[in-house]
Structure formats: C-alpha cells, structure tokens
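Descriptive analysis of the structure
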Amino acid sequence: MTKLVYFAWVRERIGKTEEEISLPADVVTVGDLLSHLKSLGEEYEAALQFPEAIRVAINMEHADHDEPVAGAREIGLFPPMTGG
C-alpha cells in the first residue's frame, strides 16, 4: 500500500486529505500514477485535468513525472507553488 496525500485545490477537488492505495503493476512512474488516478472517478479527473501542472513529492522529495514510484511509502500531490 502507498499513502497518497493531497494538498490545496487537489485535495478540495478530490475531496480527501489522504488515502492508502495499492498501485497496479502498470503504474511505474509518477506520470503513470497520475493517469491511473484520473481513471478513478470524476473528482480525480477534475483534480488532475492538467497533469503537467501537478507537482509531486515521493517520500517528501520533489519528483519529476518520469520518476519511478516503486518503493514509495508516501506520494504527495499538489498544485504549483506561487509566491508574493
């Protein structure tokens, strides 16, 4: 099982703060994970409509979309950061 943690508007659109899921064998990279999550329902589709905008952290370390997810204990998904 892998813990997924959602932040900001990703959390609001999915309607969950976090969840534990079993990753299918064909989910190898962060990009694969985002594609898989989009298939789980309308709320996921809405949150991940533009996957290239989603930032990801694997075990609290920023990760690119081509990074492998094997062995991840926790994956955080969040929108781009802005500052002011």
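Scroll up to find the structure this text is about.
So, here is what we can say about the structure in this document. Because the structure is predicted, anything quoted here is derived from the model rather than measured.

What counts and how
Residues numbered from 1 in each chain as written. Predicted model: local features only at pLDDT ≥ 70, side-chain atom pairs only at ≥ 80, totals over all residues. Heavy atoms only, no water. Buried < 20%, exposed > 50% of the residue type's maximum accessible area, 1.4 Å probe, protein only. Helix = DSSP H or I, 4+ residues; strand = E, 2+ residues; numbered from the N terminus. Pairing = 2+ DSSP bridges. Salt bridge = Lys/Arg side-chain N within 4 Å of Asp/Glu carboxyl O.

Structural notes on the pairing of strand S2 (residues 18-21)
- Burial along S2 is one-sided: Glu 19 and Ile 21 are buried, and none of Glu 18 and Glu 20, which face the opposite way, are.
- Summarising the sheet, strand S1 (residues 2-6) and S2 pair through 4 bridges and their orientation is antiparallel. When the sheet's bridge partners are listed, Val 5 is paired in S2 with Glu 18.

Quick word on the pattern of salt bridges
- If you walk through the whole model with that rule in mind, you get 3 salt bridges.
- Across the pair Glu 18 and Lys 3 runs a salt bridge, and its minimum N-O distance is 3.6 Å. Pair noted here: Glu 18 is in strand S2 and Lys 3 is in strand S1, with a separation of 15 residues, a long-range link.
- Classification of Lys 3 by relative accessible area gives partly exposed; the value is 23%.

Quick word on unusual backbone geometry
- With a phi angle near 50 degrees, Asn 59 is a residue other than glycine that sits in the positive phi range.
- Since its relative accessible area comes to 25%, Asn 59 is described here as partly exposed.
- Residue Met 60 is not a glycine yet carries a positive backbone phi of 70 degrees.
- Of note, Met 60 is situated in the loop between strand S3 (55-58) and strand S4 (61-63).
- On the basis of relative accessibility, which here comes to 70%, the residue Met 60 falls in the exposed class.

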